[in-house]
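# Residue-level structure breakdown
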Amino acid sequence: MNWFHSVCIALASAAIASAAIASAAIASAAIASAAIAYAAPVAADNPEASKLSEGLLQARLDDLQAQQKDVPGFAIAVIKDGNAFSAATGIAAPDGTPMTARTPFRLASVTKTFVAAAILRLYEQGKLDLDTPIGDLVSEEHLRLLRADGYNVQAITVRHLLMHSSGLNDHFGTAEMREMVFANPDRVWTRTQQLRLMTEMTERVGLPGERFVYSDTGYLLLGEIIEKQTGTSLTDAVRALNRFDKLGIGDLRWEGEQPQSVLPDQAHQWLNGFDTFAIHGSVDAFGGGGLIGDVVATATYFDALFGGSVFSKASTLRLMQVAPSQPAGSPYRIGLFEETVGDQKIYMHGGFWGVIALHVPAFDLTVVGVALDQSGEPEIRQLAFDLIAVIE
């Protein structure tokens, strides 16, 4: 066992196990905001607060970096009424490479918004019914695993998976997976291995449609459904269904893909001071996560999604936001959390590695930010919330 593995195992048993990589609470936006007391948006104490500018963003980030010295770097992008601003600070790698607004990083669970939108594109094209049971859509190998663990695959529907109301547990929430990841960070995972881990190490969390329980495993199955319905890889399907090329965001890519253009090297992302860069991307690459992108391209996508440039029908975006048949009290819609910040309704998603993406429909405002150490996630989220006050 080399030093890297020793550090990983020690971290897994200490910081990770205690902080719990509970993706249900950390990778998701609304759960995290319920667990952490975020202040109401606060405007700046200077005249710049009356409008957005790159100078304002840079000043806010510089202040944040000065306060959060343990976070290597931050980046943020804002789009308001079609006007784009971005800023970055700090470093993106141990060698001192500067962080920029175009430096790519792992989006983690923010990927779920793209996957949900891909499913909804198949729905609006008449190729997929959201109320189809997964027993008609998922491979027999995977159905056997689910049935053996007591899941009724004819009762769980696509809609349930989209809204985290399927009753499925979460493979990422298991101590066993955390230990395996940090003991063998370069392990190449498969979808089947992760599904098996969920069925062998966890219990069902409810009946389909009964309640909201965040499940990466559910989106892992949605990734499989997309592949089977399109006959292409998840990578190609998500790219095509979300119109990446039309939107000019071809630089958003899946784990394992090469960039389409010359970009800065991918940023390292830390977990309480531990560099996770060596963890193989397959650990989160089957639909619950998997996309790599920068704050500018990701903000461009969210702006386009809410601006009507992804779906062919306005009713599909409305469906994504309203999510009929959601369990009572659920904060999740379809691929998005609904939150209220100040007096404003927002739609958002978080990613485990310190990523936040949100849109405020009333202001036509999109904000995407990243903290390169997960410990800085509450602060970059609060900054995103504070920017809403700049508009107000």
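This text follows the structure it describes.
Residues numbered from 1 in each chain as written. Predicted model: local features only at pLDDT ≥ 70, side-chain atom pairs only at ≥ 80, totals over all residues. Heavy atoms only, no water.

Attention now moves to the overall build of the chain. What the chain contains, in helices and strands, is 14 helices and eleven strands. In the chain, the proportion of contacts linking residues at least 24 apart, taken out of those at least 6 apart, comes to 72%. Element-wise, carbon and sulfur atoms account for 51% of the exposed surface of the chain, whose accessible area totals about 14600 Å². (Helix = DSSP H or I, 4+ residues; strand = E, 2+ residues; numbered from the N terminus. Contact = heavy atoms within 4.5 Å. Areas by Shrake-Rupley, 256 points an atom, 1.4 Å probe, with all protein chains shown as cover.)

The next point concerns the packing of aromatic side chains. One pass over the full model with this rule turns up 13 aromatic pairs. A centroid spacing of 6.2 Å and a plane angle of 85 degrees characterise the contact between F212 and F337, whose relative ring orientation is edge-to-face. Placement of the pair is F212 in the loop between α8 (191–201) and α9 (216–230) and F337 in strand β8 (residues 337–341), with a sequence separation of 125 residues. Each member of the pair, F212 as well as F337, is classed as buried. Among the aromatic residues, ring-to-ring pairing joins F114, F244, Y301 and F302 into one connected group. (Phe/Tyr/Trp six-rings, centres within 6.5 Å; stacked < 30°, edge-to-face > 60°. Buried < 20%, exposed > 50% of the residue type's maximum accessible area, 1.4 Å probe, protein only.)

Next up on the list: the packing of α8 against α9. Taken N-terminus to C-terminus, the directions of α8 and α9 make an angle of 145 degrees; their axes are 10 Å apart at the nearest point. In this structure, α8 meets α9 at a crossing whose hand is left-handed. Contacts between α8 and α9 involve R191, Q194, L195 and M198 from the former and T217, L220, L221, G223, E224 and E227 from the latter. Here the contact of α8 with α9 is built from residues that sort into four nonpolar, three polar and three charged. (Axes fitted to C-alpha atoms, helices over the stretch in contact; angles between N-to-C directions. Left-handed = near helix turned anticlockwise from the far one by under 90°. Nonpolar A, V, L, I, M, F, W, Y, C, P; charged D, E, K, R; others polar.)

As a further point, take the pairing of strand β9 (residues 344–351). Counting buried residues in β9 gives seven out of eight residues, a clear majority hidden from the surface. Between the end of β8 and the start of β9, which pair antiparallel, lie two residues, with G342 showing a positive phi angle near 65 degrees. Sheet analysis places β9 next to strand β10 (residues 355–360), joined by five bridges and oriented antiparallel. In the sheet register, M348 faces β10, and the bridge partner there is L358. (Pairing = 2+ DSSP bridges.)

Right, let's talk about the pattern of salt bridges for a bit. What the rule picks out here adds up to twelve salt bridges. A salt bridge links D294 to R102; its shortest N-O distance comes to 3.1 Å. Of this pair, D294 sits in the loop between β7 (291–293) and α12 (295–307) while R102 is found in the loop between β2 (83–90) and β3 (105–106), placing the two residues 192 residues apart along the sequence. Note that R191 and E227 form a salt bridge whose closest N and O atoms lie 3.1 Å from each other. Separated by 36 residues along the polypeptide, R191 in helix α8 and E227 in helix α9 bring together distant segments of the chain. A relative accessible area of 25% places E227 in the partly exposed class. Linked through salt bridges whose partners overlap, the residues forming this network are R102, D251 and D294. (Salt bridge = Lys/Arg side-chain N within 4 Å of Asp/Glu carboxyl O.)

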